[in-house]
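Residues per chain, in single letters:
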Amino acid sequence: MSKRVGIIGGTGIYTLPGIQGLHEERYQTPFGDVALRVGELAGASVAFLTRHGEHHNLAPGDINVRANIWAMREFGAEQVVATACCGSMNPDYAVGDFVLLDQFLEFTKNRPARFFENDPTKPLLHIDYTDPYCRTIGACVKRAAESAGLQVKEGATYCCTQGPRFETRAEIRMMRILGGDLVGHTNYPEVVLAREAGLCYAAIAIVSNMAAGILDQPITAEECKTVMSQRFEALQKLLEGTVAMLPEGGDCACRHAADKAIL
Ligand SMILES: [Zn+2]
């Protein structure tokens, strides 16, 4: 089996029951050890990682993103598909919708977003992120959705805030003015590190709630949990279909972006 795919499950996605022969593989990385759950899904060898830990106890800013992405590369994944539980500030993206992320705006604090910071022995990389999410994977997600009778919306600009708190009305208003559609806490720096590692990366957002001030009611973690569990089965089907559609071998521009990044 030569196709190797990474799957990163966000909030609400702590297992993927479709994976056969599930076992744990540990990877040592320069940033710490990572345990990946490895098995077989839709004809591919997959490595599954739950971003916040199995008990949802890792805060967004504490996730060892560099180690996670490094481990995915060590596993041999060429493509990584992630999920992102999001709030929506755009009524076109409604609660329960699946949405492919297209762009991001970043509002996080002090998160390491390069593999080798403060290391003058490594070249300084100026990587292109004009389109930060892999279009090849995106096309596979769309095809998988069509064949499963699911709808996946596109074109969303994701705003990444520090979390884990939810945002204020004013923050959401500001992000909306800036062109934001969805808000979440974890897709940055995962998306940028994946490209630095030479991996194709795409993220499927699940709208779990409307963002602060969009509806005149407070946001609760409980509503996010309910929506995620209601959409879990469909999301699982979408991920499985996507893995089946992903091209085996071949190439993609994402994997060479870092090669062209040295001045
Ligand atoms: Zn790609």
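This text follows the structure it describes.
Attention in this report is confined to the structure presented alongside it. These numbers were taken from a predicted model, which means no experiment stands behind them. (Residues numbered from 1 in each chain as written. Predicted model: local features only at pLDDT ≥ 70, side-chain atom pairs only at ≥ 80, totals over all residues.)

**Description of the overall build of the protein chain**
Part 1 of the argument: Counting its regular elements, the protein chain contains five helices and nine strands.
Part 2 of the argument: Start at the N end of the protein chain and walk to the C end: the helices and strands fall as β-β-β-β-α-β-β-α-β-α-β-α-β-α.
Part 3 of the argument: For the protein chain, the C-alpha radius of gyration of 17 Å lies close to 18 Å, the compact-globule estimate for 263 residues.
Part 4 of the argument: C-alpha extents for the protein chain along the principal axes are approximately 50 × 45 × 30 Å.
Part 5 of the argument: Each of the 263 residues in the protein chain was classed as buried or not, and the buried ones make up 43%.
Part 6 of the argument: Put simply, 84% of the contacts in the protein chain that link residues at least 6 apart link residues at least 24 apart. (Helix = DSSP H or I, 4+ residues; strand = E, 2+ residues; numbered from the N terminus. Rg over C-alpha atoms; globule rule 2.2 N^0.38 Å. Buried ≥ 20, exposed ≤ 12 C-beta atoms within 10 Å, placed from the backbone. Contact = placed C-beta atoms within 7 Å.)

**So, the nonpolar core**
Soluble globular proteins tend to bury their nonpolar side chains together.
Part 1 of the argument: Judged by nonpolar contacts, the single largest core of 75 residues is most densely connected at Val-80, Leu-101, Val-141, Leu-182, Tyr-201 and Ala-205.
Part 2 of the argument: Among the elements that take part in this core, strand β9 (residues 200-210) stands out by supplying nine residues, more than any other.
Part 3 of the argument: Once residues lying within four places of it in the same chain are set aside, the contact partners of Val-141 are Leu-100, Val-152, Ala-202, Ile-204, Leu-238 and Thr-242. (Core = buried A, V, L, I, M, F, W, Y, C linked by C-beta atoms within 7 Å.)

**Some details on helix α4 (residues 187-196)**
Part 1 of the argument: The buried fraction of α4 amounts to nine of the 10 residues, a majority that puts the element mostly inside the structure.
Part 2 of the argument: Within the span of α4, buried status applies to Asn-187, Tyr-188, Pro-189, Glu-190, Val-191, Val-192, Leu-193, Ala-194 and Arg-195.
Part 3 of the argument: A positive backbone phi angle near 80° is found at Gly-198, which sits one or two residues after α4.

**Quick notes on the packing of helix α2 (residues 135-148) against helix α5 (residues 221-245)**
Part 1 of the argument: At a closest axis distance of 8 Å, the pairing of α2 and α5 adopts a crossing angle of 120°. With respect to each other, α2 and α5 are oriented oblique. Handedness of the crossing formed by α2 with α5: right-handed. Contacts between α2 and α5 involve Cys-140, Val-141, Arg-143, Ala-144, Ala-145, Ser-147 and Ala-148 from the first element and Lys-237, Leu-238, Gly-241, Thr-242 and Met-245 from the second. (Axes fitted to C-alpha atoms, helices over the stretch in contact; angles between N-to-C directions. Parallel < 35°, antiparallel > 145°, perpendicular 65-115°, else oblique. Left-handed = near helix turned anticlockwise from the far one by under 90°.)

**Quick word on the pairing of strand β2 (residues 20-29)**
Part 1 of the argument: A small share of β2 lies buried, amounting to zero of its 10 residues.
Part 2 of the argument: Note: β2 against strand β3 (residues 32-41), eight bridges, orientation antiparallel. Each residue of the ladder has a partner; that of Glu-25, found in β3, is Leu-36. (Pairing = 2+ DSSP bridges.)

**A closer look at unusual backbone geometry**
Part 1 of the argument: Here the bond from Gly-163 into Pro-164 is cis, since omega is -5°, no more than 30 degrees from zero.
Part 2 of the argument: Along the chain, the position of Pro-164 falls in the loop between β7 (152-161) and α3 (169-177).
Part 3 of the argument: With an omega of 10°, the peptide bond between Tyr-188 and Pro-189 qualifies as cis.
Part 4 of the argument: You will see that His-56, though not glycine, has its phi angle at about 50°, which is positive.
Part 5 of the argument: Mapped onto the elements of the fold, His-56 is located in the loop between β4 (44-50) and α1 (65-75).
Part 6 of the argument: Judged by the 15 C-beta atoms lying within 10 Å of it, His-56 is partly exposed.

**Brief notes about α5**
Part 1 of the argument: Under the 1.5 Å per step criterion, the end-to-end length of α5 is 33 Å for 25 residues, consistent within 8% with the ideal 36 Å.
Part 2 of the argument: The sharpest bend along α5 measures roughly 50° and falls at Phe-232. (Expected span 1.5 Å × (residues − 1). Bend = angle between axes of the 7 residues up to and from the residue.)

**Some remarks on the pairing of β3**
Part 1 of the argument: Where β2 folds back on β3, the antiparallel hairpin that results is connected by two residues.
Part 2 of the argument: Linking β3 back to β4 in an antiparallel pair, the connection comprises two residues, with Ala-42 at a positive phi of about 50°.

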